[in-house]
Amino acid sequence: MHFELKHTDPQSKARAGLIHTDHGTIETPIFMPVGTQGTVKGVHQQELRDDVEAQIILGNTFHLYLRPGLEVLEGAGGLHQFIGWERPILTDSGGYQVYSLAKSRKITEEGVRFQSHHDGSYHFFSPERAIDIQRTIGADIIMAFDECTPYPCDYNYAKRSMHMTHRWLKRCISQMDATEPKYGYSQALFPIVQGSVYPDLRKESAEFIAAQGAVGNAIGGLSVGEPDEDMYSMTDLVCSILPADKPRYLMGVGTPVNILEGIALGVDMFDCVMPSRNARHGMLFTSEGTINIKNQKWSMDFSPLDTNGTAYVDQVYTKAYLHHLIKAKENLAIQIATIHNLAFYLALVKEARRRILDGTFRTWKDEQVKKLGRRI
RNA sequence: GGGAGUGUCGCAUAGUGGCUAUUGCAGCAGACUGUAAAUCUGUCACCUCACGGUAUCGCUGGUUCGAGUCCAGCCACUCCCA
């Protein structure tokens, strides 16, 4: 994998580039739909490719390891083969589950013991194990095993955790060096900056991560409940330290506004469950702002889902129809809403890229931020 | 005509003498950020922005310190026998 920086916006810190992988090229800035269990919930792979126009999707090491398990994944010839997705895949290492499944795990220097929510069995994730599993899954980009700290997070805890994540990173790198890809194409390891919302910790972490010389770098531990201002200031600080010639991935972010602001600060890659999860819960992100399609007020609104939408569902289906489908708990409601939201996110970053390249990003971004944050 | 049974906030339910009438569904809203989430939370008799106030268990009486609960009459519905 290698990154080709095409242009940096002189009026902001936004960048446009290309990430070349063995499964194809990704245009940045990019949003990556989350497909934890080998599926972006509610969307067919063909729709993901042709309607959403996803260029890369995520999988999750912890969840795929628990089910279907490594035997199946290896037997299938890797995750791409297993799920019928020929474009790039990125896997999260399980570091987020250290945060989200805090009730059922125990952290030590050696690694993390998780208790399965399926059968109560115990599973130990070390940095080495996380790499081995990701070798078997076979994603193009794999993440270092880290601890995603919560918010708020005590300074001393954040500091100790960050140093442990750094030590774990060294072990991940060693394990990468000691192993080979299993399916004939290369895999790139991205390390992750931590440090909670503390500038001195973020600076130290970013410098440590930058020094590893990885082909791409990630910012973790944000969008866990902290104010947006903290997310932006930490992102800004970290981006100023991470190398400019490598892609920067802001993990778990975010709302359309978060993403535009992140792009303006120099972030190249984003992922978030928000467009897919919220779609299932009736929340639509549109060019005019967010709407809750479950609200009674849409029952007689026969206008298209999103007049400015680029996906076919935006023009073919009306708000009243989607309102009806979701109230009736029809599966099609989830499919339409998810395709819409993801297509909206992908169109947003595509337009951002175009604006960066033609020099109109900054003013366009400021206009969009005003519109997209609205509730209609 | 005779007999039996049932009436609880839109629907369905719990409640047979004691504190604020239970729960589910539907309805109306809200939340969701590297997915244990097609989930969760609130609200859901009436008035009030709210604090708070006023009611209510088919109807009317009665017994009782106290009635959704016991008694009587009436009304409605269901079932059985003619």
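Residues numbered from 1 in each chain as written. Chains lettered and ligands numbered in written order. Predicted model: local features only at pLDDT ≥ 70, side-chain atom pairs only at ≥ 80, totals over all residues.

What follows concerns the overall build of chain A. Assigned secondary structure in chain A consists of 15 helices and 17 strands. Taken against the 2.2 N^0.38 rule, which gives 21 Å for 376 residues, the C-alpha radius of gyration of chain A at 20 Å falls within 12% of a compact globule. Projected onto the principal axes, the alpha-carbon positions of chain A cover approximately 60 × 50 × 40 Å. Within the span of chain A, comprising 376 residues, buried residues form 49% of the whole. Within chain A, contacts between residues separated by at least 24 positions form 70% of all contacts whose residues are at least 6 apart in sequence. (Helix = DSSP H or I, 4+ residues; strand = E, 2+ residues; numbered from the N terminus. Rg over C-alpha atoms; globule rule 2.2 N^0.38 Å. Buried ≥ 20, exposed ≤ 12 C-beta atoms within 10 Å, placed from the backbone. Contact = placed C-beta atoms within 7 Å.)

What follows is about the sheet that holds strand E1 (residues 2-8). Picture the strands of a sheet paired through backbone hydrogen bonds; they go either parallel or antiparallel. Ordered by their spatial adjacency, three strands build an open sheet running E1-E2-E3, and the pairing between neighbours is antiparallel. Looking at strand neighbours, the two that pair on one side only are E1 and strand E3 (24-28), the edges of this open sheet. The mean inter-strand angle of the sheet, taken between neighbouring strand axes irrespective of direction, is 15°. Note: strand E2 (residues 15-21) against E3, five bridges, orientation antiparallel. Its bridge partner lying in E3, histidine 20 is registered against threonine 25. With respect to the sheet, helix H14 (residues 331-358) is in contact with E1, E2 and E3, its orientation differing from that of E2 by roughly 120°. (Pairing = 2+ DSSP bridges. Axes fitted to C-alpha atoms, helices over the stretch in contact; angles between N-to-C directions.)

Turning our eyes to something else, we now look at the sheet that holds strand E13 (residues 217-219). Across the sheet, five strands lie side by side as E4-E15-E14-E13-E12; this open sheet has parallel pairing. Two strands lie at the open edges of the sheet, namely strand E4 (30-33) and strand E12 (192-193), each paired on one side alone. Bridge count between strand E14 (residues 248-250) and strand E15 (residues 269-272): two bridges; the pairing is parallel. When the sheet's bridge partners are listed, tyrosine 249 is paired in E15 with methionine 269.

As a further point, take unusual backbone geometry. Between arginine 67 and the following residue, proline 68, the backbone shows a cis peptide bond with an omega angle of 10°. Locating proline 68 in the fold gives a position in the loop between helix H2 (61-66) and helix H3 (70-76). Of note, the phi angle at lysine 329 is positive, near 55°, even though the residue is not glycine. Examined against the element boundaries, lysine 329 turns out to sit in the loop between helix H13 (319-327) and H14. Note on lysine 329: 8 C-beta atoms within 10 Å, which makes it exposed.

What follows concerns the nonpolar core. In this structure, Met32, Ile57, Ala144, Cys172, Phe190, Phe270 and Leu346 are the most contacted members of the largest nonpolar core, which totals 105 residues. It is H14 that provides the largest number of residues to this core, a total of 15 residues. Apart from the residues within four sequence positions on either side, methionine 32 is in contact with Ile56, Ile57, Leu58, Leu90, Met269, Phe270 and Asp271. (Core = buried A, V, L, I, M, F, W, Y, C linked by C-beta atoms within 7 Å.)

To continue, consider the protein's contact with RNA strand B. Around RNA strand B sit 46 residues in total, of which His117, Cys148, Ser223, Gly252 and Gly254 are the nearest. Grouping the constituent residues of the surface near RNA strand B by class yields 15 nonpolar, 22 polar and nine charged. (Near = placed C-beta within 6 Å. Nonpolar A, V, L, I, M, F, W, Y, C, P; charged D, E, K, R; others polar.)

Summarising the model, chain A shows a mean pLDDT of 97, and 100% of its residues fall at 70 or more. Across the assembled chains, the prediction reports ipTM 0.94 with pTM 0.95. (pLDDT = per-residue confidence, 0-100.)

This next bit is on the pairing of E4. Burial along E4 is two-sided: Ile30 and Met32 facing one way and Phe31 and Pro33 facing the other are all buried. The sheet contact formed by E4 and E15 spans four bridges and is parallel. Bridge pairing in E15 places methionine 32 opposite aspartate 271.

Moving on: the packing of helix H8 (residues 199-210) against helix H9 (residues 228-241). Relative to each other, H8 and H9 sit at 30°, their axes nearing to 9 Å. In this view, H8 runs roughly parallel relative to H9, as classed from their interaxial angle. Considering how the two elements wind past one another, H8 and H9 form a crossing that is right-handed. Taken together, the residues of H9 that come into contact with H8 (itself represented by Pro199, Arg202, Lys203, Ala206, Glu207 and Ala210) are Met234, Leu237, Val238 and Ile241. When its residues are assigned to classes, the contact of H8 with H9 shows seven nonpolar, no polar and three charged. (Parallel < 35°, antiparallel > 145°, perpendicular 65-115°, else oblique. Left-handed = near helix turned anticlockwise from the far one by under 90°.)

Quick look at the environment of leucine 305 now. Its place among the elements puts leucine 305 in the loop between strand E17 (289-292) and helix H12 (312-316). Overall, leucine 305 belongs to the buried group, with 25 C-beta atoms counted inside 10 Å. Along the primary structure leucine 305 and valine 316 are separated by eleven residues, whereas in three dimensions their C-alpha atoms are 8.0 Å apart. Sequence-distant contacts of leucine 305, defined by excluding residues within four places in its chain, comprise Val313, Asp314, Tyr317, Thr318, Lys319, Leu322 and His340.

The next subject is the environment of leucine 5. Its location among the elements puts leucine 5 in strand E1. For leucine 5, a count of 15 C-beta atoms within 10 Å translates into the label partly exposed. In this structure the C-alpha to C-alpha distance between leucine 5 and lysine 246, which are 241 residues apart in sequence, comes to 8.0 Å. Excluding anything up to four places from it in sequence, leucine 5 contacts Arg15, Gly17, Ala244 and Asp245.

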